[in-house]
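This is what each chain is made of:
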Amino acid sequence: MKDFERIVCKDIPELSAQAAAEFVRLANERSAAAGRFVVALSGGSTPRALYSLLAGAEFQSQVPWDRVHFFWGDERCVPPDHPDSNYRMAFETLLSKAPVPEKNIHRLEAELAPEAAAARYEKAIRDFFSLADSAWPAFDLIFLGLGDDGHTASLFPGSEALHENKRLAVAAYVEKLKTYRITLTLAVLNRAANIFFLVAGESKASILADVLQEKRGSESLPARRIDPQGGRLVWFVDRAADASLQS
Ligand code: 6PG
């Protein structure tokens, strides 16, 4: 992992406020320059506070929502109203509270059979970006989290999905969870203009140090494979997660 920025925050509220400010800056910059701002959200629990903050009084009026398009970095293979759904989490915290046009929400239809869901999502991305067959999308911003096993999005250690170099999105069976997930591939993630990792809590301190300090044996960790070519990589971490890193 070459150059990255690490922003250490006191706690999740401060981490969320810093990430929200960057989101607002990028949203306005890209909307002015390109007429749209294309984001892939991450799931899990850490981003909840950020999403709620963006929908709240302090930030909501600063975002040109009609120009913001939402995709997902990954999704669990459940219906959109399932408690595990990343879409449901984003809908409850942000998309149902901010004036985001329906047409700007590009939900990953993970209730379908896994392979069909991945194929439909890939087609939706290709159509949105008007991509020729061999071309790759360039998301303006992709949010990612870090699992305590070093996974990110739904790219888990040892997954075949880590070797996919043609497709944009794949279905991956996650042995440890005994379930399928749909995930963007590394080839797509590493073409984003900006990648923001949101990592919080003492349970992430050890894995974060392994990833950022490139400890021996950590080269196989999926999160270490995140290295946006020509893009900006920012780790928003709280002090608890940062505890094992030598500054
Ligand atoms: C998911 C996420 C996953 C998540 C990490 C961290 O679908 O769960 O995409 O990669 O970001 O597991 O999750 P927490 O934020 O809950 O620690």
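Scroll up to find the structure this text is about.
From a predicted model like this one, the values you see are computed outputs, not experimental measurements.

Scanning the protein for helices and strands turns up eight helices and nine strands. For 247 residues, the compact-globule estimate of 2.2 N^0.38 gives 18 Å, and the protein sits close to it at 17 Å. With the C-alpha coordinates of the protein rotated into their principal frame, the extents come out at 45 × 40 × 35 Å. The buried share among the 247 residues of the protein stands at 53%. Within the protein, residue pairs in contact and separated by at least 24 positions form 77% of the contacts whose partners lie at least 6 positions apart.

Buried residues dominate strand β2 (residues 37–41), accounting for five of its five residues. Here β2 shows two buried faces, one formed by Phe37, Val39 and Leu41 and the other by Val38 and Ala40. The pairing of β2 with strand β3 (residues 68–72) spans five bridges and is classified as parallel. Its bridge partner being in β3, alanine 40 is matched across the sheet by phenylalanine 71. Taken together, the two bridges between β2 and strand β5 (residues 141–144) define a ladder with parallel strand orientation.

We now examine the site of the ligand. Lining the immediate surroundings of the ligand are 14 residues, of which Ser45, Thr46, Arg76, Ala153 and Lys204 lie closest. With respect to the ligand, the side chain of arginine 76 contributes an N or O atom lying 2.7 Å from an oxygen atom. Note that an oxygen atom of the ligand is positioned 2.7 Å from one of the backbone N or O atoms of alanine 153. In the complex, the protein chains occlude 88% of the 420 Å² of accessible area that the ligand would expose alone. Looking at the shell around the ligand, its residues break down into two nonpolar, eight polar and four charged.

The next subject is the layout of surface pockets. Empty space within the largest pocket amounts to approximately 390 Å³. When its residues are assigned to classes, the lining of the largest pocket shows seven nonpolar, 10 polar and six charged.

Analysis parameters
Residues numbered from 1 in each chain as written. Predicted model: local features only at pLDDT ≥ 70, side-chain atom pairs only at ≥ 80, totals over all residues. Heavy atoms only, no water. Helix = DSSP H or I, 4+ residues; strand = E, 2+ residues; numbered from the N terminus. Rg over C-alpha atoms; globule rule 2.2 N^0.38 Å. Buried < 20%, exposed > 50% of the residue type's maximum accessible area, 1.4 Å probe, protein only. Contact = heavy atoms within 4.5 Å. Pairing = 2+ DSSP bridges. Near = heavy atom within 4 Å. Polar contact = N/O pair within 3.5 Å; in protein donor to acceptor, adjacent residues only side chain to side chain. Areas by Shrake-Rupley, 256 points an atom, 1.4 Å probe, with all protein chains shown as cover. Nonpolar A, V, L, I, M, F, W, Y, C, P; charged D, E, K, R; others polar. 1 Å grid on protein atoms, 1.4 Å probe; cavity = no way out; pocket = protein on both sides within 12 Å on 5 of 7 lines; lining within 4 Å. Points joined across faces, edges and corners; volume = space filled by probe spheres on them.

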